[in-house]
Amino acid sequence: MTDRPVLAPTRGELAALLADARRAGRPVGLVPTMGALHEGHASLVREARARVGDGPVVVSVFVNPLQFGEGEDLDRYPRTLDADLDVCAREGVDVVFAPSVEEVYPGGVPAGSTSGMVTVEPGPLGSVLEGRSRPGHFAGVLTVVAKLFGLVRPDVAVFGQKDYQQLALIRRMAADLCLGVDVVGAETVREADGLALSSRNRYLDDEQRTEALALSRALHAAQEAAAYGLAPALDAARAELRAAKAVDLDYLEVTTPGLDSLPDPVPPGTEARVLVAARVGTTRLIDNMPLRIGAAPHDQTPDQQGDH
Ligand code: PAF
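Owing to the predicted nature of the structure, the values given are computational and were not obtained by experimental measurement. (Residues numbered from 1 in each chain as written. Predicted model: local features only at pLDDT ≥ 70, side-chain atom pairs only at ≥ 80, totals over all residues. Heavy atoms only, no water.)

**Q** Explain the overall build of the chain to me, using residue names and the numbers behind them.
**A** Across its full length, the chain carries ten helices and nine strands. Compactness check: the chain gives a C-alpha radius of gyration of 21 Å against a globular reference of 19 Å for 308 residues, within 12% of the reference. Structurally, the chain occupies a C-alpha span of about 70 × 45 × 40 Å along its principal axes. Contacts in the chain between residues far apart in sequence, at least 24 positions, make up 72% of those at least 6 positions apart. The average position of the 30 basic charges and that of the 43 acidic charges among the side chains of the chain differ by 4 Å. (Helix = DSSP H or I, 4+ residues; strand = E, 2+ residues; numbered from the N terminus. Rg over C-alpha atoms; globule rule 2.2 N^0.38 Å. Contact = heavy atoms within 4.5 Å. Lys, Arg positive; Asp, Glu negative; His and termini not counted. Charge placed at Lys NZ, Arg CZ, Asp CG, Glu CD.)

**Q** Break down the sheet that holds strand β2 (residues 29-33) for me, citing the residues and quoting the values.
**A** Strand order in this open sheet of six strands is β1-β4-β3-β2-β5-β6, and the pairing throughout is parallel. Only two strands of the sheet have a single partner each, and these edge strands are β1 (6-8) and β6 (182-186). Neighbour-to-neighbour, the strand axes of this sheet turn through a mean angle of 25°, independent of strand direction. Here β2 pairs with strand β5 (residues 156-160) via two bridges, running parallel. By the bridge assignment, Leu30 is partnered in β5 with Ala157. Helix α2 (residues 39-52) contacts β2, β3 (57-61), β5 and β6 of the sheet and is inclined by roughly 155° relative to β5. In this fold helix α7 (residues 164-176) packs onto β5 and β6, with an angle of close to 165° to the strand it touches most, β6. (Pairing = 2+ DSSP bridges. Axes fitted to C-alpha atoms, helices over the stretch in contact; angles between N-to-C directions.)

**Q** I'd like to hear about the site of the ligand, residue by residue, with values.
**A** The full set of residues close to the ligand is Pro32, Thr33, Met34, Asn64, Gln67, Val144, Phe159, Asp163 and Gln166. In isolation the ligand has 290 Å² of accessible area, and contact with the protein removes 89% of it. Of the residues in the shell around the ligand, the class split is four nonpolar, four polar and one charged. (Near = heavy atom within 4 Å. Areas by Shrake-Rupley, 256 points an atom, 1.4 Å probe, with all protein chains shown as cover. Nonpolar A, V, L, I, M, F, W, Y, C, P; charged D, E, K, R; others polar.)

**Q** Quick one: what's the story with the nonpolar core, residue by residue and with numbers?
**A** Membership of the largest hydrophobic core comes to 39 residues, with the highest contact counts inside it found for Leu14, Val58, Val145, Phe149, Phe159 and Ile170. Of all elements in the fold, only α1 (11-23), β4 (95-97), α6 (137-152), β5, α7 and β8 (270-280) reach the threshold of two or more residues within this core. The leading source of residues in this core is α6, at eight residues. The contact partners of Val145, leaving out residues within four places of it in the chain, are Phe159, Ile170 and Met173. In terms of nonpolar packing, the next biggest core, distinct from the first, is built from 29 residues, Ala226, Ala244, Val280 and Ile293 among them. (Core = buried A, V, L, I, M, F, W, Y, C linked by side-chain atoms within 4.5 Å. Buried < 20%, exposed > 50% of the residue type's maximum accessible area, 1.4 Å probe, protein only.)

**Q** Run through α7, naming residues and quoting values.
**A** Relative to the 18 Å expected for 13 residues at 1.5 Å per residue, α7 spans 18 Å between its end C-alpha atoms, a close match to the ideal helical length. Every buried residue of α7 is accounted for by Tyr164, Gln165, Gln166, Leu167, Ala168, Leu169, Ile170, Met173 and Ala174. Each element contacted by the buried residues of α7 is listed here: α5 (130-133), α6, β5, β6, β8 and β9 (283-293). (Expected span 1.5 Å × (residues − 1).)

**Q** Outline the side chain of Arg284, listing residues and values.
**A** With respect to the secondary-structure elements, Arg284 resides in strand β9. In this structure the side chain of Arg284 is engaged in a polar contact, spanning 2.7 Å, whose partner is the side chain of Glu130. Polar side-chain contacts of Arg284 include one of 2.8 Å to the side chain of Asp250. Setting aside residues no more than four positions away along its own chain, Arg284 makes contact with Glu130, Ser133, Arg134, Arg200, Asp250, Tyr251, Ala277, Ala278 and Arg279. (Polar contact = N/O pair within 3.5 Å; in protein donor to acceptor, adjacent residues only side chain to side chain.)

**Q** Can you explain the pairing of β5? Please cite residues and give values.
**A** Among the five residues in β5, four count as buried, and that is most of the element. Of the strand pairs in this sheet, β5 and β6 are connected by five bridges, and their pairing is parallel. In the sheet register, Ala157 faces β6, and the bridge partner there is Val183. In this view, the connection linking β5 to its parallel neighbour β6 by way of α7 has right-handed handedness. (Right-handed = clockwise from strand over helix to strand, strands pointing away.)

In structure tokens:
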């Protein structure tokens, strides 16, 4: 184990720790997290390190109340700062910014339009997919990420592709509001059996974990069947999800890589994204993968393919 990174609980301490690097013109990397760090987060840190070289890498650990809706898991969300510091030490993180709620929201956590605090409006992309099931979620995410960008002033910020819509929205925010941050998306890290790593996986018991594998199986099935068109891709994914009795599907959708609706009909060879969200027990899981629609002659079904 290498030395633990320096813990900065306040904005002032964070600024002081980054002052030298800023003066020397060294690039700053940021990996925003809500803690409960796992190998997926470690891979984001490695990506940030690769981008900033000897510049400081900052990991923020903050469970952001603003992005949790009523009845969601804010209270039970795992808080494991000590173990998080160990992960950060192993990955050579320089600074862990772990502020209190009061430090991030000194005027109180904004509640609705009456709070008086300026928040970030995600626009139409914020109310589809995850946004449809979790109203207000992306306003909460973008507001805290904008604050983190303001406090850390990173040159590069790294986010996981597992939260694909979040990544798309943060990219758009950085571009539309000219924030001057290079937003990097890193590949999803998976267990050997395909389960995408998530801090929420620790809520699953053994049986639920086995059932949760249906999500990645469904995405792989969609990828394979996509050669025969969009409908076969969706059918193949739905069949996997239906077979897992404990999986309560929220949505399964295929979109463009930018999360727009696909054209109808879909031209062969179209690059797309398949996204799924489901509840397993009380745990809500999401996952996504890229796919290419209609690489095979698109009027062929998998069955017809076998006849030739
Ligand atoms: O992906 C997360 O962990 C959170 O949504 C983020 C980006 C750290 C904002 O709270």
